[in-house]
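Chains, contacts and geometry: an overview
Each chain, written out:
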Amino acid sequence: MSTNHDPAPVFPLSAIQGQPALVQALLLAAIEPQLGGVLIQGPRGTAKSTAARALADLLTPAPFVTLPLGASIEHVTGSLDLSKALAGHEVAFAPGLIAKAHEGVLYVDEINLLPDAIVDVLLDVAASGINRIERDGISHSHAARFVLVGTMNPEEGMLRPQLLDRLGLCVQLDNAQDPQLRSSIVKARLRFDLDPQGFAQAHAAQQQEIRTRLQQARARSQDAVQLPWSDAVHEAVARQCIAAQVDGMRADLVMLRAARALAAWQGSSAITAEHVSEVAPLVLQHRAAEPRQSVASQAPQPVPPAEPPSPATSPATSPANQGPRTESAADRSSPSPAPAQQDMNQPPPGWGRPLPVATVSFDSSQADAMAQAAMEALAAKKARAPGQSI
């Protein structure tokens, strides 16, 4: 007697709450494979793996393959089939995890902890859709179209900028802080755990609607005639990337493809600037440079240089070079006038502000005069008798 084991129900994508950006990014990556996958950053327990499994369920029949951290490059890409080579002296290819994920989802938890060589291979295959193997006497290639979903916790280390840039979309998840939202999420999960079949049946209509829209959007996205990019869309994308100060042109390409995928998902007749604005955060989240200030804004406001000495006053006799002098009675009776309406309890305006080097006025003749005065004072001190008091 044979027993049929139906696959366990997967938590429906339509039942995920509080993570609209995550759901949208996964759908866009499924519509347009050339986006290069989705990077999900955030704390644990925020539906990262749940959403990835739910996406694979919508692509049925589609595999969901998890790449372990300890996998080797041969395990990922495939290698020589040793059993056939030893048994029949036959050189054959043994498929790897990439081949198993074809037309499905390849999920990598903590992708930032993988060796860079493996991440580089995954990104190459995800973008090109072809896995090429040249090793162990094997020259083999096969189709490998899948949605790459990687998660990471930035506190455990970051990917190199070159690898981050090649991941198409990025979502930053946060913990739910609204009590009602948290309660609703927990209630839905408890209902699913108690009755997976019943929960999935309750969301079957919504799941079928999403599945139908996804198939239609993928068909429109693969049609080169539909949804062309207008000049206005190109300009909108360029402005977004310039404002984010991204490096290179990959962000422009990804944003254009993401906007087209969104227009296909929404059933729009044309790509608009609104589509660009909606996908821009997903494209620029991990590419935008730190806010840079111009050189003028980084430096403090320049201080006006000191007035140069008049021709009638030589550097040696100028007030700046005369050294200490005895304060006369006239000086004590006629103090220097203070600036009008100045609060003596507060420092003067600009006090403590660093002075830009480029705005400092420096007179070499004044420096020479000051050095000469110091040497004359030292010589006068040495000329005194040793026994005299100073």
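The numbers attached to residues start from 1 for each chain and follow its sequence in the written order. For a predicted model such as this one, the threshold for reporting local features is a pLDDT of at least 70, and the threshold for listing and counting side-chain atom pairs is 80 or more; totals across whole chains, interfaces and linings nevertheless cover every residue. Heavy atoms from the whole structure form the basis of all side-chain values; hydrogens and water molecules are not counted.

Moving on: the environment of D57. The way it works is that DSSP assigns letters per residue, a run of H or I at least four long becomes a helix, a run of E at least two long becomes a strand, and they are numbered from the N terminus. Tracing the backbone shows D57 in helix α2 (residues 48-58). Spatially, the C-alpha atom of D57 lies 8.0 Å from that of P12, the residues being 45 residues apart in sequence. Among all residues touching D57, those that are not within four sequence positions of it are V10, Q207 and R211. Residues count as neighbours in contact if any of their non-hydrogen atoms are within 4.5 Å of one another.

Attention now moves to the confidence of the model for the protein. Per-residue confidence from the predictor is reported as pLDDT, a score between 0 and 100. Confidence in the prediction of the protein, expressed as mean pLDDT, is 82, and 75% of residues score 70 or more. Predicted confidence for residues 291-303 stays below pLDDT 50, and this span has 10 contacts to residues more than four positions away or in other chains. Per-residue pLDDT stays below 50 along residues 310-324; that stretch engages in 10 contacts with residues further than four places along the chain or on separate chains.

Another point: the packing of helix α1 (residues 20-31) against helix α10 (residues 204-222). Across the interface, α1 lies against α10 with an axial gap of 9 Å and an inter-helix angle of 45 degrees. In terms of axis orientation, α1 runs oblique to α10. For the pair α1 and α10, the contacting residues are L27, A30 and I31 in the first and I210, L214, A217, R218 and S221 in the second. Here the contact of α1 with α10 is built from residues that sort into 6 nonpolar, 1 polar and 1 charged. Convention adopted: a line fitted to C-alpha atoms gives each axis, helices being fitted over their contacting stretch, and angles between N-to-C directions are expressed from 0 to 180 degrees. Note on angle classes: values under 35 degrees are labelled roughly parallel, values over 145 roughly antiparallel, values of 65 to 115 roughly perpendicular, and the remainder oblique. Under the grouping applied here, Gly and all other residues not named as nonpolar or charged are polar, the nonpolar ones being Ala, Val, Leu, Ile, Met, Phe, Trp, Tyr, Cys and Pro and the charged ones Asp, Glu, Lys and Arg.

For this document, the term salt bridge refers to a Lys or Arg side-chain nitrogen within 4 Å of an Asp or Glu carboxyl oxygen. Tallied over the full model, the rule gives 8 salt bridges. For D120, the salt bridge goes to R166, with nearest N and O atoms at 2.3 Å. Residue D120 is located in helix α6 (residues 116-128), and its partner R166 is located in helix α7 (residues 161-166); the two are separated by 46 residues in the primary sequence. Here R239 and E235 are joined by a salt bridge, their closest N and O atoms 2.9 Å apart. Remark: E235 and R239 occur in helix α11 (residues 231-244); sequence separation between them is 4 residues, near one turn of the helix. Judged by its relative accessible area of 56%, R239 is exposed. One continuous salt-bridge network, built from bridges that share partners, spans D120, D124 and R166. Here the term buried applies to any residue with accessible area under 20% of the maximum for its type, exposed to any over 50%, and partly exposed to those in between, with areas from a 1.4 Å probe on protein chains only.

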